[in-house]
Amino acid sequence: MKVINTIAALRTLLEPMKVGQQKIALVPTMGALHKGHVSLISIAQQYADVVVCSIFVNPTQFTDPKDLEKYPRPLEHDMRMLKDAGCDVVFMPSVQEMYPEAESWHIDLGPAEFLLEGEFRRGHYQGVTQIVKKLFDAVLPDLAFFGQKDFQQILMIENMVAYFGLSVQLVSCPIIREDDGLAMSSRNIHLTAEDRRNALVLSRALTYVRDHFSEEEIPALLQEARAMISNTAGVELDYFTIADGRTLLPETDKDHPGLVALVAAKVGQTRLIDNMLLN
Ligand code: AMP
């Protein structure tokens, strides 16, 4: 496994592989790796000859400086995980390498940018698309792998790819969960034992909606799911919605195709998101 810190060194390493017609996959992460990240690497290995995993805690996508500061960075653990996963290349640039000078970034990501996460974390998807574009430019991957866990993020990256007319193929990968249903997240490390128990209500509410989808109407499903969460001590609901998976607009017609239930809540001091596809 090669560990690379600069764009120049990455280009030098990848260039002969591209000339040799090898397919390159990129798995962008912010580190603090768990089985969800590893699943992305495993899926990428099925599609590509070379898998590059980037680890970069991108400052421009954090809307809360405290969140950036306390973001976990367990480097040795991450290296072990990536080695065990059989990752070929780790790209771990410094902030200076990715942002050598002050720059402004604003692109049109469509109206869904301002919904859900975009409403609670203003500017978040500008920062996300800014860094993903830089990573795409550095790696020039044939394919890039993202988790369905960050449902809206994939939509925004799709829109960025369309905006610039990039040729990279995006692959959405299923959410990996703990045995009790909690969606894996680098932020779960911040949960106290009590938070960890309370956090289960998110996946339970989503599962409730999915399991009762055929027999209950959407308003009743939403009412029950929101009540489950609001009645859990230590959990503060930001949103629970059933939406069109493309526009993210709320939907009350169960026959509408591509529906997804999405939730975000603060559990103790930690903000968590999760979602489930419904039809
Ligand atoms: P992050 O390090 O949180 O920026 O996540 C890096 C990538 O891993 C993103 O594409 C996430 O959607 C994905 N990811 C995070 N958690 C999970 C999970 N539980 N299952 C699958 N993919 C995930």
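Note that the structure is predicted; figures quoted are calculated from it, not measured.

## Remarks on the pairing of strand 9 (residues 270-277)
Strand residues, when the strand is regular, have side chains that alternate between the two faces of the sheet. Judged by how many residues are buried, strand 9 sits mostly within the fold: six of eight residues are covered. Following strand 8 (residues 259-267), the chain reverses through two residues before pairing antiparallel with strand 9; Gly 268 in that reversal takes a positive phi of roughly 60°.

## Let's talk about the site of the ligand
Around the ligand there are 17 residues in total, and Met 30, Gly 147, Asp 150, Ile 176 and Met 184 lie nearest to it. Side-chain polar atom of His 37 to an oxygen atom of the ligand: 2.9 Å apart, as the coordinates give it. When the ligand sits alone it has 480 Å² of accessible area, and the protein chains cover 93% of it. Going through the elements one at a time, strand 2 (24-29), helix 2 (35-47) and strand 5 (143-147) are the ones with two or more residues in the shell around the ligand. Counting residues per element, the shell around the ligand draws most heavily on helix 2, which supplies three residues. Class assignment of the residues belonging to the shell around the ligand gives a composition of nine nonpolar, six polar and two charged.

## Considerations on helix 1 (residues 7-19)
Between its terminal C-alpha atoms helix 1 stretches 18 Å, which fits the 18 Å expected from 13 residues at 1.5 Å a residue. By the largest-angle criterion, Leu 13 marks the main kink of helix 1, which is about 30°, and a proline, Pro 16, follows within four residues. Residues Ile 7, Leu 10, Leu 13, Leu 14 and Met 17 constitute the buried set of helix 1. Of the surrounding elements, those touching the buried residues of helix 1 are strand 1 (2-4), strand 2, strand 3 (50-55), strand 4 (89-91), helix 5 (95-98) and helix 7 (124-139). Among the residues trailing helix 1, Gln 21 stands out with phi positive, at a value near 65°.

## Thoughts on the sheet that holds strand 4
Strand order in the open sheet formed by six strands is 1-4-3-2-5-6, with parallel pairing between adjacent strands. Of all the strands in the sheet, the pair left with one neighbour each is strand 1 and strand 6 (169-173). Taken pair by pair, the neighbouring strands of this sheet meet at an average axis angle of 25°, ignoring direction. In terms of strand pairing, strand 5 meets strand 6 through five bridges, oriented parallel. Residue pairing for strand 6: Phe 145 is matched across the bridge by Val 171. Here helix 2 sits on the sheet and contacts strand 2, strand 3, strand 5 and strand 6; the angle it forms with strand 5, its principal contact strand, is near 150°.

## Focus on helix 7
Here helix 7 contains 16 residues, and its C-alpha end-to-end distance of 23 Å stays within 8% of the 22 Å for a straight helix at 1.5 Å per residue. The element helix 7 is largely enclosed, with a buried count of 15 among its 16 residues. One or two steps after helix 7, the chain reaches Leu 140, where phi turns positive at roughly 50°.

## Structural notes on the sheet that holds strand 7 (residues 235-244)
The pairing of strands in a sheet comes from backbone hydrogen bonds and takes either a parallel or an antiparallel form. Reading across the sheet, the three strands line up as 7-8-9 and stay open at both edges, with antiparallel pairing between neighbours. Only two strands of the sheet have a single partner each, and these edge strands are strand 7 and strand 9. Across the sheet, the mean angle separating the axes of adjacent strands is 15° when strand polarity is ignored. The sheet contact formed by strand 8 and strand 9 spans eight bridges and is antiparallel. Bridge pairing in strand 9 links Ala 265 to Leu 272. This element, helix 10 (residues 218-230), spans strand 7 and strand 8 of the sheet and lies at about 160° to strand 7.

Conventions and cut-offs
Sequence positions are assigned chain by chain, starting from 1 and proceeding in written order. The predicted nature of this model means local features are confined to residues of pLDDT at least 70 and side-chain atom pairs, given and counted, to a pLDDT of 80 or more, with totals for whole chains, interfaces and linings taken over all residues. In computing side-chain values, all of the structure's heavy atoms are included and hydrogens and water are not. Here's how the labels work: a residue is buried when its accessible area is under 20% of the maximum for its type, exposed when over 50%, partly exposed in between, all with a 1.4 Å probe on protein chains only. The secondary structure listing takes helices from DSSP runs of H or I that are at least 4 residues long and strands from runs of E that are at least 2 residues long, numbered from the N terminus. When DSSP finds two or more bridges between a pair of strands, those strands are recorded as paired. If even one non-hydrogen atom of a residue comes within 4 Å of a molecule or strand, that residue is called near it. Pairs of N or O atoms are called polar contacts if they sit within 3.5 Å, as long as, within protein, a hydrogen donor faces a hydrogen acceptor (for residues adjacent in sequence, only side-chain-to-side-chain pairs). Accessible surface area values rest on a Shrake-Rupley calculation with a 1.4 Å probe, where residue burial reflects the displayed protein chains alone. Ten residue types, Ala, Val, Leu, Ile, Met, Phe, Trp, Tyr, Cys and Pro, are classed as nonpolar, four, Asp, Glu, Lys and Arg, as charged, and the remainder, Gly among them, as polar. The length a helix should cover is 1.5 Å for every residue beyond the first. The quantity called bend is, for any residue, the angle between two axes fitted respectively to the seven residues ending at it and the seven beginning at it. Residue contacts are defined here by distance: any two heavy atoms, one from each residue, within 4.5 Å place the two residues in contact. Axis angles are defined between N-to-C directions and span 0 to 180 degrees, where every axis is a line fitted to C-alpha atoms and, for a helix, only to the segment in contact.

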